[in-house]
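# Inside the fold
Spelled out from the first residue to the last, the chains are:
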Amino acid sequence: MDIRWGKRLDLLLVYLVVVPVLLIILFPFLIMIFTSLKVSNEIFVSPPTWFPKKPILKNYIDIWHYVKLANYFKNSGIYAIGTTVLTILIALPASYATARIRFRGRMFFLFLILVTQMFSPIVVIISLYKMMAFYHSLNTYRGIIVTYSAFNQAFSIWLLTGYFSSIPKDIEEAAMIDGCSRFTTVVRILIPLAKPGIVATVVFVFIWAWNEFLLVLTFISTNRLWSLTLGIYGFIGKYKVLWNYLMAVSFLTTIPVIILFLLIERHLVSGLTAGAIK
Amino acid sequence: MIRLRKEEKIAYICILPSFILISAVIFFPVVKTFINAFYSLDLYGNIQHFSGFDNFKRLFREDVFLRITINTLYWTVGMVFITVAVSLVLALALNHEFIGRKFSRIILILPWAASVMISALLWKWLFNSDYGMLNRLLRELHIISENINWLATPKTSFPAMIFVGVVISIPFTTITFLAGLQSIPNELYEAARVDGANKLKVIYKITLPLLKNVFFIVTTLNVIYIFNSFPIIWVITRGNPASQTDIVITYLYKKAFLYQDFGIASALSILIFFLLLTFSILYAKLIYKRGE
């Protein structure tokens, strides 16, 4: 009897902590959805209405004409996919080497990588801007993709190295004794085994690039190349902010990445804490 | 010995692309910024002549320098402290079995998955004095009787932005704490229970000491992430009015790309560089202590 009461009290405490925090987190996202369903007139009503009087989906159609939304989606897609491909192509061999080969300077390389994880892009943004201008890379896809890839090396290499290290060496050694080359062994055996880690890295890098704001704000000025984040930011520069449109665009931008994120969330911690916490 | 050399060669070829990319995009610009900080620069950021510590002196003489330093301190310490405290309690709660636990994890993820820029924008809309939902909610809860213009003065806008930062930082911190909690072996708890320790004592004597490492790691990481929280301020107040809500990173950005004073901006970059370097070394030590 005593224990049961104790358990109920525990549960009560748990709900008392969890419910308020989660409500605060959920609040802006709920309002985002409600606002996106309101007609323009209902946006500027004081006090504001909780729910749309007559919910409409029309905003979700209108926004495609109001801003160049399709173009923003395309650009964000190019930045994010380009970054993901380049990051993985470069991080995979590096992770393989740090996980499987004892070479001189290995710890130093890992340290360098760790330091870059700690670097806010803001520290290098001025020189980077000058460099981009020098190489005619401002307002280009390649400028953004290369920069993004560099800032994603740290996380990717830590996560992938952790994954490779967790796979027993025996299988590869057996394959190599059987006459497979190192390259074939990696491609045919190691990479398929590390698939969950690679998928997690791919998704994380994709989301990171999709959501990025500071670098794209600095290096992209032509509207034609704007990403979704820039497109959304562009709303608040306008004379009158149409929040219902803005919220509809935000919803469309956010939902896909939230779904993707849920798929990989479990794998993230060890990569982001450089393997210190599994 | 010869075999090892061959292996090493392969290793160096494997890490080379990554090394070049990082050097070109991150290390080279750091060195360049270092050099620039000691030169007088024109409006386009081109080097004019060596000027010693002039840029730094000009930076320290800026009217708002003290304000920005204090703001940055508040921003970092305040946000890290609240985030870590709330996340720790939340993680302890989420470590229990309860109905809706899976669902609550999904909600918890939202601000982490969404773009910081969009989160900031959502809150900016909520903070709107006449049309924003926050005032309406607080009035219905009878916490306030009149609309507050949250973003009108630094007194309310700055804490409001710290609040937004906390909400955005909670997911990663909580999930990391949870991972730490789940790595504590169950036997320890059972042993304590057999010994008759009560709940609070178990938390105090077993859970918290074992979380020490996780605690230091999330704290350091959060400090660094907060230096990446540029969009929060840029979207909500833009550091206005008159830099009263700027922190070093937004001020740096303004100096460089609005006022084109690349000298001061470079000097400020160097200061931030050393600050972050201190934290990264601290962090590296924490990671390596785990015995690589």
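Criteria and thresholds
- Residues numbered from 1 in each chain as written.
- Chains lettered and ligands numbered in written order.
- Predicted model: local features only at pLDDT ≥ 70, side-chain atom pairs only at ≥ 80, totals over all residues.
- Heavy atoms only, no water.
- Contact = heavy atoms within 4.5 Å.
- Buried area = accessible area lost by both parts, 1.4 Å probe.
- Salt bridge = Lys/Arg side-chain N within 4 Å of Asp/Glu carboxyl O.
- Polar contact = N/O pair within 3.5 Å; in protein donor to acceptor, adjacent residues only side chain to side chain.
- Helix = DSSP H or I, 4+ residues; strand = E, 2+ residues; numbered from the N terminus.
- Domains from an automatic or database assignment.
- Axes fitted to C-alpha atoms, helices over the stretch in contact; angles between N-to-C directions.
- Parallel < 35°, antiparallel > 145°, perpendicular 65-115°, else oblique.
- Phe/Tyr/Trp six-rings, centres within 6.5 Å; stacked < 30°, edge-to-face > 60°.
- Buried < 20%, exposed > 50% of the residue type's maximum accessible area, 1.4 Å probe, protein only.
- Disulfide = S-S within 2.5 Å.
- Patch = residues over 30% accessible without salt bridge, like charges linked within 9 Å, V, L, I, M, F, W, Y side chains within 5 Å.
- Areas by Shrake-Rupley, 256 points an atom, 1.4 Å probe, with all protein chains shown as cover.
- Core = buried A, V, L, I, M, F, W, Y, C linked by side-chain atoms within 4.5 Å.

### Some words on the interface of chain B and chain A
The interface of chain B with chain A comprises 107 residues on the first partner and 98 residues on the second. Between chain B and chain A, a total of about 9300 Å² is buried, with carbon and sulfur atoms accounting for 78% of that surface. It is Leu122(B), Trp125(B) and Met133(B) that lose the most area in chain B upon contact with chain A, and together they represent 7% of the buried surface on that side. Summed over the shared surface of chain B and chain A, the result is three salt bridges. Between Glu265(A) and Arg105(B) there is a salt bridge whose closest N-O contact spans 2.6 Å. Where chain B touches chain A, the interface holds 22 residue pairs in polar contact (both at pLDDT 80 or more). Broken down by element, the residue count for the side of chain B that touches chain A peaks at 24 residues, all from helix α1 (residues 2–37) of chain B.

### Some remarks on the domain arrangement of chain A
Residues and elements named next belong to chain A. For chain A, the assigned domains read domain 1 (2–58) and domain 2 (64–272). A separation of 32 Å is found between the C-alpha centroids of domain 1 and domain 2. Taken together, the contacts link ten residues of domain 1 with ten residues of domain 2. Between domain 1 and domain 2 lies a buried interface of about 810 Å² when both sides are counted; carbon and sulfur atoms form 78% of it. If you sort the residues of domain 1 by the area they bury against domain 2, Met32, Ser36 and Phe44 come out on top, with a joint share of 53%. Seen at the junction of domain 1 and domain 2, the total is zero salt bridges. Inspection of the domain 1/domain 2 interface yields two residue pairs in polar contact (both at pLDDT 80 or more). At the level of secondary structure, the elements contributing two or more residues to the side of domain 1 that touches domain 2 comprise α1 (2–36) and α2 (40–43).

### Points about the packing of helix α3 (residues 58–66) of chain A against helix α13 (residues 243–272) of chain A
Residues and elements named next belong to chain A. Orientation of α3 relative to α13, taken along the N-to-C sense of each, is 95°, at an axis distance of 9 Å. When the axis of α3 is compared with that of α13, the two are roughly perpendicular. Across the interface between the two elements, Asn59, Tyr60, Asp62, Ile63, Trp64 and Tyr66 of α3 pack against Asn244, Tyr245, Ala248, Val249, Phe251 and Leu252 of α13.

### A short note on the packing of aromatic side chains
Summed over all chains, the structure comprises 42 aromatic pairs over all chains. With 6.3 Å between their ring centres and 25° between their planes, Tyr129(A) and Phe219(A) make a pair best called stacked. Residue Tyr129(A) is found in helix α6 (residues 125–134), and its partner Phe219(A) is found in helix α11 (residues 214–219); the two are separated by 90 residues along the sequence. A relative accessible area of 26% means that Tyr129(A) is categorised as partly exposed. Look at Phe219(A) and you get buried, because its relative accessible area is 2%. Ring centres of Phe213(A) and Tyr233(A) lie 5.0 Å apart, and the angle between their planes is 65°; on these two criteria the pair is classed as edge-to-face. Of this pair, Phe213(A) sits in the loop between α10 (195–211) and α11 while Tyr233(A) sits in helix α12 (residues 228–235), and the two are 20 residues apart along the sequence. The rings of Tyr129(A), Phe219(A), Phe230(B), Trp234(B), Tyr253(B), Phe257(B) and Phe262(B) are connected pair by pair, giving a single aromatic cluster.

### As for the state of the cysteines
Disulfides are covalent bonds that connect the sulfur atoms of two cysteines. This structure, assessed with the given rule, holds zero disulfides over all chains. Between Cys180(A), a cysteine without a disulfide, and Cys14(B), which holds the nearest cysteine sulfur, the sulfur-to-sulfur distance is 17 Å.

### Brief notes about the environment of Val116(B)
Residues and elements named next belong to chain B. Its place among the elements puts valine 116 in helix α5 (residues 116–127). Residue classification places valine 116 among the partly exposed residues on the basis of a relative accessible area of 27%. Each C-alpha atom, one on valine 116 and one on proline 231, is 6.5 Å from the other, the two residues being 115 residues apart in sequence. With residues near it in sequence (within four places) discarded, valine 116 still touches Ile168, Pro231 and Ile232.

### Some thoughts on the pattern of salt bridges
For the structure shown, the criterion picks out ten salt bridges over all chains. One salt bridge in this structure joins Lys58(A) and Asp62(A), with 2.8 Å as the shortest N-O distance. Separated by four residues within a single helix, Lys58(A) and Asp62(A) lie in helix α3, roughly one turn from each other. Across the salt bridge formed by Asp246(B) and Lys254(B), the nearest N and O atoms sit 2.8 Å from each other. The two residues Asp246(B) and Lys254(B) agree in class, both being buried.

### Here's the deal with the environment of Ile233(B)
Residues and elements named next belong to chain B. Position of isoleucine 233 relative to the elements: it lies in helix α11 (residues 230–236). In sequence terms isoleucine 233 and phenylalanine 158 are 75 residues apart; their C-alpha atoms lie 8.7 Å from each other. Those residues within four positions of isoleucine 233 in sequence are excluded, and the remaining contacts are Trp75, Met161, Arg238, Gly239, Thr245, Ile247 and Thr250.

### As for a nonpolar patch on the surface
On the surface, Leu9(A), Leu12(A), Leu13(A) and Leu16(A) cluster together into a nonpolar patch covering about 420 Å² of accessible area. With respect to the helices, strands and loops of the structure, Leu9(A) is situated in helix α1.

### Points about the nonpolar core
Ile125(A), Trp75(B), Phe230(B), Tyr253(B) and Ile272(B) are the most contacted members of the largest nonpolar core, which has 202 residues in total. Counting residues per element, this core draws most heavily on helix α7 (residues 154–182) of chain B, at 15 residues. Looking at which domains feed residues into this core, each of domain 1 (2–58) and domain 2 (64–272) of chain A supplies at least three. Each residue touching Ile272(B), except ones within four places of it in the same chain, is listed here: Val123(A), Phe227(B), Val248(B), Ile249(B) and Leu252(B).

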